[in-house]
Amino acid sequence: MAMATKIPARMPPSLVARSLSSASSLAEKLPKAPSPAPLAIDLSDTQRLFASVPTASLLHSLANLSAMAAGPLVDVGVAALRAALASEVQILRAAAIGVARATVHRHFCAGEGFEDAGRAVTEMWEEQGLRSILDYGMEDAEDSAACDRNLAGFLRTVEMASSLPPSSASVCVKITAICPISLLERVSDLLRWEQQDPTLQLPWKTNSIPVLCDSSPLYLTRSAPDPLTETEESDLRLASQRLSKICERCTEANIPLLIDAEYTSVQPAIDYFTYAAAVQFNHGDHPIVFGTIQAYLRDSKKRMVNAVQAAEREGVSLGVKLVRGAYITRETKLASSLGAPSPIHPSIQETHNCFNSCASFMLEKVRRGSGAVVLATHNVRSGQMAAEKATELGIGRVDRKLQFAQLMGMADGLTYGLRNAGFQVSKYVPFGPVEQVMPYLLRRAEENRGLLCTSTVERQLIRKEIFRRLAAAVAWTT
C-alpha cells in the first residue's frame, strides 16, 4: 500500500525564502528556452492580408463561400443547374445561365472571353502581385474534330498570355481536350499491361520515363489489350503533334505549360504525353512542361520519385505540379465496382502526409538545381510547412522554380499570406463562355464538395477583416 505524504498546513517563511532563492539560482543556471522561430507565413494580421481587396469583394466572397459550405445546398444547386442547362426550354436554360454567371462563374472564373481573362490577369499582377495559371475551360474531346477546335483555343490562350506583362501568366492544358478519351483509355491499358509484362513491345512509345509503378492500380487492365490499330497510332501521332504545337508556342514565349491530371483510367497516357513533351522541350534550367502528381493516390510518391530520377539520368529538368486530387468519388466507385481496393489513401491525414512528403522531396531537388515545383494547396498547414522548408533550404523566394498556387475564389488568405512572405504565388484562373465552362464547373463542384465544405479558415479570416473594417468605420464616425 502506498504511504500518504503529510503536507504541512503552512510552510515557515524562512523555508519559503530559501526555496525561492534556490529556484532563482537554478533558473539562472539553466539555458534559456529558444524563442519560437517566426512563422514563414502570417495569417493573423488580416488588415495586411486583405489590404488589396475591396470590402465589396470580401462580402461577395464570404457570401459565396458560406453558401457553398452547405453541402446539401451545393447538391441541390448543382442538380438544378445541370437539369436547367440540359433543358430544351429556352427561358429555363437562359435563367440557369444567368444565375450561373452571377454566382459560380463570377466567383471562380476570370470572365467569358480572352479580353476578360487578360484584364483579370493584368489586374491581379499589377494590383495584388499575383501570377495566373490560365485555364481555357473545355470539355473532354470525343473525336479529332473536337481536338482540333480545342487546340485552337489553347493556342489562342498562349498567344494572349504572351501579350501580358512578363512572368505574369502560365498556361494550363488538358490532354483529354486534345486527344480522344477512347484513345487515352487504350494507351493507358497498354501501358498498364507493359508494367505487368515488361516483354510487351509498344512500337509507338518514344521515351523511357516511367509512368507507373508496382503499387499503381494495375487491376484496371485485367487482360492483355489488343495492339493499337493503324488508325489509333495515327490519331496518337496527331495528338502528340497538337501538344507539341502548344509546347513550341510556350517555349517561344517562355511561358510555363502545366498539364492537368485526370482520373486513373486515363492518367498513364496523360503522363506518357507529359514526359514525352518534357524530354523534347525541357532543356534549360527552367522547365517549360510541368506534369501533375495527385497526392491522394497511394502510388503518387513512388511514381513521382521514379519519374524525377529517370528524367535526371536523361538530363531532363522535370517540372511537377503537386495537388491533392479531385476525383475521390469517381475513383472510389470504380474500384468498388471492380472489387478492388481504392487507389486513394484511406484517410485525409495520409493524403496530407503524402503531399507534404512529396513537397519536401521536390524542394530538395529545387535546392540542388534539379527540376521545379508548383505547390497547389489550400491547406494552411501544408503551405506553412513548405514555406518553412524552402526557407530552411535557402531557396530564394523569387526563384521561379518554386511557386505556390490556389484556385481563383478559394483560399485567398493563404494566397496573400504566401505573397506577403515574398513567395511566388499564382491563382488558377479558368475562363470561357458560361455555357462552355459550366460543365467543367459543375464537375468541379461535385468532386470538390468536401473542399468547399471545409473553407472554414478562409471564411473566418474574411469575417474577421470585415468586422475590423466595420469597427474602424464606426470609430471614425464617432
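Throughout what follows, the structure given in this document is the object of discussion. (Residues numbered from 1 in each chain as written. Predicted model: local features only at pLDDT ≥ 70, side-chain atom pairs only at ≥ 80, totals over all residues. Heavy atoms only, no water.)

Once that is clear, we can look at helix α9 (residues 230-253). Since the α-helix turns once every 3.6 residues, residues separated by three or four places project in the same direction. Under the 1.5 Å per step criterion, the end-to-end length of α9 is 35 Å for 24 residues, consistent within 8% with the ideal 34 Å. Of the residues making up α9, those classed as buried are E232, L236, A239, R242, L243, S244, I246, C247 and C250. Against the buried residues of α9 lie α7 (144-162), β2 (169-173), α8 (181-196), β3 (257-259), α10 (267-281) and β4 (289-294). N254 sits one or two residues past α9 and shows a positive phi near 55°. (Helix = DSSP H or I, 4+ residues; strand = E, 2+ residues; numbered from the N terminus. Expected span 1.5 Å × (residues − 1). Buried < 20%, exposed > 50% of the residue type's maximum accessible area, 1.4 Å probe, protein only. Contact = heavy atoms within 4.5 Å.)

Pairing is parallel in the closed barrel, where eight strands are placed in the order β1-β2-β3-β4-β5-β6-β7-β8. Pairwise comparison of adjacent strand axes, ignoring direction, gives a mean angle of 30° for this sheet. Of the strands in this sheet, β2, β3 and β4 are in contact with α9, which crosses β3 at around 150°. Across the face of the sheet, helix α13 (residues 348-367) comes into contact with β5 (319-323), β6 (372-376) and β7 (402-407) while running at roughly 150° to β6. (Pairing = 2+ DSSP bridges. Axes fitted to C-alpha atoms, helices over the stretch in contact; angles between N-to-C directions.)

Once that is clear, we can look at the packing of helix α6 (residues 114-128) against α7. Two numbers describe how α6 lies on α7: the axes approach to 11 Å, and their chain directions differ by 35°. Seen from above, α6 lies across α7 with right-handed handedness. Here F114, A117 and G118 of α6 lie close against α7, whose contacting residues are G153, R156, T157 and M160. Tallied by class, the residues present in the contact of α6 with α7 amount to three nonpolar, three polar and one charged. (Left-handed = near helix turned anticlockwise from the far one by under 90°. Nonpolar A, V, L, I, M, F, W, Y, C, P; charged D, E, K, R; others polar.)

The end-to-end C-alpha separation of helix α5 (residues 90-108) is 25 Å, in line with the 27 Å expected for 19 residues at 1.5 Å each. A bend of about 45° at R101 is the largest found in α5. Those residues of α5 not exposed but buried are A96, I97, A100, H105, H107 and F108. (Bend = angle between axes of the 7 residues up to and from the residue.)

From the geometry alone we can't say anything about function, so treat these as descriptive.
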